[in-house]
Amino acid sequence: MASDRFATFLFGSFIFQSTPGNNVLVQNSNFGASGGLYRNVGPIIGGLVPPSQPSAQQQPISFNTTSNNVIDPDLQFPQIHEWSASFQREFKRNVIEVNYIGKHGVHLLEVTTLIRRTFLPAFQE
Amino acid sequence: MSETNFLDAFNKIRASSSYNSPLINLIMSGNAANNGGTARFRALNTTNITQGSVGAAAVVVSQKTCVAADVTAGICTNAQLNQRLLDLNGFTYLLQQYPQFTGGLNVFDSNDYSNYNGLQVIFKRRISAGLGFQFAYTLSKSKDNRSWDPALSGVSTGSVQAASSTPFDLRDRSLNYTWSDFDRRHVFQGTYTYDLPFGKNQQFLNTSNAVVNQIVGGWLFSGTIIKQSGRPFTVYSGVNTLSNVVQSTADCNNCDRHMGSLVNESGRNFWFDASDRAKFSAPVPGSIGNTGRNFFIAPVYFSGMHRSPRNGR
């Protein structure tokens, strides 16, 4: 039906998190491998430095052959409006029911691709 | 001959095998009088020109880097090898907004919309004298410009059915707004159960004879029925006349959306027979085709299941 077809939590928990610049992995695999003890791990964690800073994402990368994911800064929450009217009548052991349902959805989430973009007929020589 | 835009130049090159385009010369070589530009354009886009696939040709030009054959053709120099022609000639963003992302730039936004209207009539009978049923009819119409859940990696492209939910034109989502993929106009559903009136304490063959009762008693009829309109589907032209993301939909001469029925031709099943198929053609470069997304309707779906178990009365 015409509705929000999308689990909103999926956007928050996965899609948004996986966009460029939102998560940076930092790790140290030497400490454990060389016999480090858990009780000594505090300074090691404290010493981890992210390999890149958020400011690095302000400028788009110059060239990339793999796909990149971005989120529209004007993204809005999906809205669904639903209205219905029902009529139900029982006679003896029979029931007749007439229902009307209307639904309208706006700002539904979508994904599209800007590369191989829509052809531009407006170009002037 | 003057040209107004890339599409116009493409059409003129397509119309005449001897035509040299000043525009194509300019963007390929940096010099409008250098016919080597048009010659290379033709060589790179032989199939695209034949088919009218202007969207594919635009990407070929946009992503074109200088290679040895281009040096030979005189549109770039040895010093410019492996550099992008449009960058060299000052037309970096001419055909693609973000030409540096050659593998795709997926954008998540919130511009889709949908509408549904449905009318249901349900008639039910509680089990009485062994008979109970529920029958329902739904008349509904669902329209939207996408019918499936998006995910960032899930941009559907080309000619698969799901691709018709991808914008034909980024600036005009209404081009995709039409009957949903799941728009089944008429749906009839029913369930029923009926205890056959034979055997002990029943209307017929009411006997205390255990043998007779074992044979004729305790049977019931029950089942479910679904009959519903077919799902809409999109017929593509096979050509990228509008963009290189999704193929344009087909042109169909005087067709209505109820066209089609199952036919068997020499052992193969077709939905459109030979005369129907002859009505299809590819739209001209720059246009979308007159059928649009989800224009046609697939066969009616029917499912019936009937059981006659014994309820061990």
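What you are looking at is a predicted structure, and each value in this text was computed from that prediction instead of being measured.

On average, chain B scores 90 in pLDDT, and the residues at 70 or more come to 97%. For this predicted complex, the interface score ipTM comes out at 0.78, alongside a pTM of 0.81.

In this section: the packing of aromatic side chains. Residue and element names in this part refer to chain B. The full count for this structure, using the stated rule, is 13 aromatic pairs over all chains. Relative to Phe 135, the ring of Phe 133 has its centre 5.2 Å away and its plane inclined at 35°; by these criteria the two rings are tilted. Residue classification places Phe 135 among the partly exposed residues on the basis of a relative accessible area of 26%. With centroids separated by 4.9 Å and ring planes inclined at 85°, the aromatic side chains of Phe 295 and Phe 296 adopt a geometry described as edge-to-face. Of the two residues, Phe 295 and Phe 296, neither departs from the other in class, the shared state being buried. Site record: aromatic cluster; members linked through ring pairs are Phe 233, Phe 272, Phe 280, Phe 295 and Phe 296. Lying over the aromatic face of Phe 270, Arg 277 brings its terminal NZ or CZ to 4.0 Å of the ring centre.

Residues and elements named next belong to chain B. At a closest axis distance of 7 Å, the pairing of helix H2 (residues 22-29) and helix H3 (residues 36-44) adopts a crossing angle of 90°. One finds that H2 runs roughly perpendicular with respect to H3. Across from Ile 24, Asn 25 and Met 28 in H2, the residues of H3 making contact are Gly 37, Thr 38, Arg 40, Phe 41 and Leu 44. In terms of residue class, the contact of H2 with H3 is built from 4 nonpolar, 3 polar and 1 charged.

Moving on: unusual backbone geometry. Most peptide bonds adopt trans geometry, and most residues besides glycine take a negative phi value. Positive phi, normally seen in glycine, also occurs at His 107 of chain A, with a value near 55°. Taking relative accessible area as the criterion, His 107 of chain A reaches 23% and is therefore assigned partly exposed. Of note, Leu 205 of chain B is a non-glycine position whose phi angle comes to about 50°, a positive value.

With that settled, the discussion passes to the interface of chain A and chain B. Between chain A and chain B, the residue contacts involve 58 residues of the former and 67 residues of the latter. Summing both partners gives a buried area of about 6300 Å² for chain A against chain B, and 56% of it is carried by carbon and sulfur. Ionic pairing is found between Glu 97 of chain A and Lys 124 of chain B, a salt bridge with its closest N-O pair at 3.6 Å. On the surface where chain A and chain B come into contact, there are 21 residue pairs in polar contact (both at pLDDT 80 or more). Of all the secondary-structure elements, those providing two or more residues to the side of chain A that touches chain B are helix H1 (8-15), strand S1 (68-71), strand S2 (79-91) and strand S3 (94-113) of chain A.

This next bit is on helix H5 (residues 54-62) of chain B. Residues three or four positions apart in an α-helix share a direction because the helix packs 3.6 residues into each turn. Residue and element names in this part refer to chain B. Of all 9 residues that make up H5, 8 are buried, and the element is covered over most of its length. Along H5, the positions that sit buried rather than exposed are Val 54, Gly 55, Ala 56, Ala 57, Ala 58, Val 59, Val 61 and Ser 62. Looking at the buried side of H5, the elements it contacts are helix H1 (6-15), H2, H3, helix H4 (46-51) and helix H7 (85-88).

Scoring rules and cut-offs
Residues numbered from 1 in each chain as written. Chains lettered and ligands numbered in written order. Predicted model: local features only at pLDDT ≥ 70, side-chain atom pairs only at ≥ 80, totals over all residues. Heavy atoms only, no water. pLDDT = per-residue confidence, 0-100. Phe/Tyr/Trp six-rings, centres within 6.5 Å; stacked < 30°, edge-to-face > 60°. Buried < 20%, exposed > 50% of the residue type's maximum accessible area, 1.4 Å probe, protein only. Lys NZ or Arg CZ within 6 Å of the ring centre and 35° of its normal. Axes fitted to C-alpha atoms, helices over the stretch in contact; angles between N-to-C directions. Helix = DSSP H or I, 4+ residues; strand = E, 2+ residues; numbered from the N terminus. Parallel < 35°, antiparallel > 145°, perpendicular 65-115°, else oblique. Contact = heavy atoms within 4.5 Å. Nonpolar A, V, L, I, M, F, W, Y, C, P; charged D, E, K, R; others polar. Buried area = accessible area lost by both parts, 1.4 Å probe. Salt bridge = Lys/Arg side-chain N within 4 Å of Asp/Glu carboxyl O. Polar contact = N/O pair within 3.5 Å; in protein donor to acceptor, adjacent residues only side chain to side chain.

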